[in-house]
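Breakdown of the fold
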Amino acid sequence: MDSNKLLLGVYDNPDTVLEATENLIKGGYDIKDVYTPFAVHGLDRVMGVKRTRLSTAAFVFAMLGIASALSLMIYTSVFDWQMNIGGKPSFHIPTYIPITFELGILFTAFGMVSCFFIVNKMFWGRNTDVIDIRVTDDMFVIAVNIHGQTDVKALENSLISNGAIEVKERIYEI
Amino acid sequence: MGHHTEVQIREEKFIFTGKAKRFTFILMGIGLLLAMLGYFTYHPSEHELVLKRLLANILVDGYFFFIIATCAIVFVAISQLSNAGWYVAVRRVPEAISEFMPYGAAIVLVIVTLCLFFLHGGIYHWMHDGVMETDPTLMKKTWYLNKPFFFIRIVLFPAFWIWSAMMIRKYSRNEDIVGGIVNFDKQFKLSAAFMIVFAFTFSMFVWDIMMSIDAHWYSTIYTIYNFATGWVSAFTLIYLMVWYLRSNGYLNIVTDEHMHDLGKFMFAFSVFWTYMWVAQFLLIWYANIPEEVAYYDHRLWGSYKFYFYFNLVMNFAVPFFFFMKRSFKRNRNIGMFVGTCMLIGHWNDVYLLVMPGAMNLAGQITEHNPTGIIDTPAQGVGFMEIGFLALFAGAFLYVVLNALTKANLYPTKHPYIMESALHDTGI
């Protein structure tokens, strides 16, 4: 496993954390991530986070759902076992709309949730290493990577001068 | 976009320039000219048909713009009730759109009154002399479909909506002067009452104005389908108006984030509209009961076939495939294109609700024709349709743009104005 040395700055205010993140990035530090108990507006832009590709995945899953619904219905009602229901044609698109719609949604929903869990490595029986248990309640943590050449003292000062109420070092296993 | 962006709340006033005024008048003039051209090119022997087409056309446009204006104020009321913050920056636009309500209601009322009392029914088959007394299907509906009760409903319901819209606008404008939370609370209470009453009365209004054109037929999903049309058109119009205002340098606090959210609403409610459309169509198509299928007879297999499919392309396919992508909702040119398509599409939708039933002629009830209705093939979209659409669009734009000048372009002292100005949908 890859392990990483981090310096954590703990903050108690979303505005301070936004300000601090921007200043640290300006100072050239390599921020691993910022952990917050709720979404802080503007933080993603400041950190330069890329847009999620989950919506593309959703589109692919929807297409998969639509394709499987249509192929099942067309195979069963046209090729495998034709039935006469009120004299209606076997192959007629309006009949297929509801199931196509439902399976499109079902595949999208399940696909996106599974995708999200896999990407974030959330499985049964896995103990998540939370960066600091307080981020699940009311604290904000900026985690900065420490490389060989990083001046840890300066970084610590920088975190504190930007409003950190606590600074600590930890090893984080990816 | 960042937290450092300075937000300035300033009192903006819209200036209705001579150029814009001239545009609306030219639109109205061309519309009137085309409508007259359409009217007088009919052969004099077809006077019954041309009269019906004239009435039906005015009803289509009057109703279309009236439900847009009504749904605009419904949007304000719903956002108020749900404590929404993001919409405050664009709020004055739906408020201005709702100022068309009295005119739209008046037009609908005039057409209905003419049909009720002066033209022996006009486009409404059930209002013809003797129809309600002799038609076995319609006889059962007499307790609801009778002239006095009908007239009372048509007058009372829109009057209440217009009054509510007026009061909401008044409170909203008052807020700009006095500030505080008093007007906000008043709007909240009024919106709650308005929404409850509106939900019930709009159902009946739609049955009366639209569904009673085909009085033998009924659909239980018809109201929500009509509401979906008005609702998505209202969003489209707000979206287009905000783009127009922004490209003219107004609305400094409105960003692409707000456009994105309005675009999402357009996208979502286009799908909602399609859902309602399919829900109504599919059950009738599948059950295949003669009296229900009669409604889709001219529309799906008859002479209205083109408009039927055009409806689906413009109102479902175009917004669904264009507005699925995030960057397209934020793009002015693509947004303008999709918005225009949707407005034309929903006008076509109302056209399709009215025309096939309204143009039919009344005949004798016989064994082969139990409803006594003689079908008339589609007259198509001609000079008269385009003319009246242009005439009404011009008048509508004039009223709305004129209404925009009456107040600040966004509420400066609304409690949520800063939340709206800093609205961010994320990356």
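Residues numbered from 1 in each chain as written. Chains lettered and ligands numbered in written order. Predicted model: local features only at pLDDT ≥ 70, side-chain atom pairs only at ≥ 80, totals over all residues.

1. Quick look at the interface of chain A and chain B
Basically, it comes down to this: For every residue pair, C-beta atoms are placed from the backbone, and the pair is scored as a contact if these atoms sit within 7 Å. To qualify as a helix, a DSSP run of H or I must reach at least 4 residues; to qualify as a strand, a run of E must reach at least 2; elements of each kind are numbered from the N terminus. Classes in brief: Ala, Val, Leu, Ile, Met, Phe, Trp, Tyr, Cys and Pro nonpolar; Asp, Glu, Lys and Arg charged; the others, Gly included, polar.
Counting residues at the interface gives eleven residues for chain A and ten residues for chain B. Elements represented by at least two residues in the side of chain A that touches chain B include exactly helix 2 (43–47) and helix 4 (93–119) of chain A. Sorting elements by how many residues they give to the side of chain A that touches chain B places helix 2 of chain A first, with three residues. Here the residues of the side of chain A that touches chain B sort into five nonpolar, three polar and three charged.

2. Some thoughts on the packing of helix 9 (residues 222–247) of chain B against helix 10 (residues 256–287) of chain B
Angle between the axes and distance between the axes are the two parameters that describe a pair of packed helices. Residues and elements named next belong to chain B. We count it as follows: As a rule, the C-alpha atoms of each element are fitted with a line to give its axis, helices using only the stretch in contact, and angles between N-to-C directions run from 0 to 180 degrees. Roughly parallel covers angles under 35 degrees, roughly antiparallel covers those over 145, roughly perpendicular covers 65 to 115, and oblique covers all other angles. Two helices crossing with the near one rotated counterclockwise from the far one by less than a right angle form a left-handed crossing, whereas a clockwise rotation gives a right-handed crossing.
Interhelical geometry of helix 9 versus helix 10 gives an angle of 160° and a closest axis separation of 9 Å. When the interaxial angle is binned, helix 9 and helix 10 end up roughly antiparallel. Taken as a pair, helix 9 and helix 10 cross one another with a handedness that is left-handed. The residues of helix 10 that touch helix 9, namely those facing Ile-224, Tyr-225, Ala-228, Thr-229, Trp-231, Val-232, Phe-235, Thr-236, Ile-238, Tyr-239 and Val-242, are Met-259, Leu-262, Gly-263, Phe-265, Met-266, Phe-269, Ser-270, Phe-272, Trp-273, Met-276, Trp-277 and Gln-280. For the contact of helix 9 with helix 10, the per-class residue count stands at 18 nonpolar, five polar and no charged.

3. Some points on helix 1 (residues 14–26) of chain A
Residue and element names in this part refer to chain A. We count it as follows: Between the first and last residue of a helix there are one fewer steps than residues, each counted as 1.5 Å, and that sum is the expected span. Put plainly, a residue is buried at 20 or more neighbouring C-beta atoms within 10 Å of its own, exposed at 12 or fewer, and partly exposed in between, counting only other residues' C-beta atoms, which are placed from the backbone. Working definition: the arc comes from the directions between the helix axis and the C-beta atoms, pointing outward to the latter.
Its 13 residues give helix 1 an end-to-end C-alpha distance of 19 Å, which sits within 8% of 18 Å, the value for a rise of 1.5 Å per residue. All of the buried residues along helix 1 are Val-17, Leu-18, Ala-20, Thr-21 and Leu-24. Mapping the buried residues of helix 1 onto a view down its axis gives an arc of 165°, with all of them on the same face. Of the exposed residues in helix 1, the ones pointing more than 90 degrees away from its buried face are Asp-15 and Lys-26. Among the residues trailing helix 1, Gly-28 stands out with phi positive, at a value near 85°.

4. Considerations on the domain arrangement of chain A
Rule in force here: Boundaries of every domain are those given by an automatic assignment or by a domain database.
Taken domain by domain, chain A holds domain 1 (3–51 + 125–173) and domain 2 (54–119). Relative placement of domain 1 of chain A and domain 2 of chain A: their C-alpha centres are 44 Å apart.

5. Structural notes on the packing of helix 4 (residues 101–118) of chain B against helix 7 (residues 147–178) of chain B
Residues and elements named next belong to chain B. Remark: helix 4 packs on helix 7, axes separated minimally by 10 Å, with the N-to-C direction vectors making an angle of 175°. What the angle tells us is that helix 4 and helix 7 run roughly antiparallel. Only Lys-147, Phe-151, Ile-154, Val-155, Pro-158, Trp-161, Ile-162 and Ala-165 of helix 7 make contact with helix 4, whose side of the interface consists of Met-101, Pro-102, Ala-105, Leu-109, Val-112 and Leu-116.

6. As for the environment of Lys329(B)
Residue and element names in this part refer to chain B. Within the element layout of this structure, Lys-329 appears in helix 13 (residues 326–329). When the 23 C-beta atoms within 10 Å are taken as the criterion, Lys-329 is described as buried. Sequence separation between Lys-329 and Trp-347 is 18 residues, and the spatial gap between their C-alpha atoms is 22 Å. The contact partners of Lys-329, leaving out residues within four places of it in the chain, are Met-259, His-260, Gly-263, Lys-264, Phe-323 and Gly-335.

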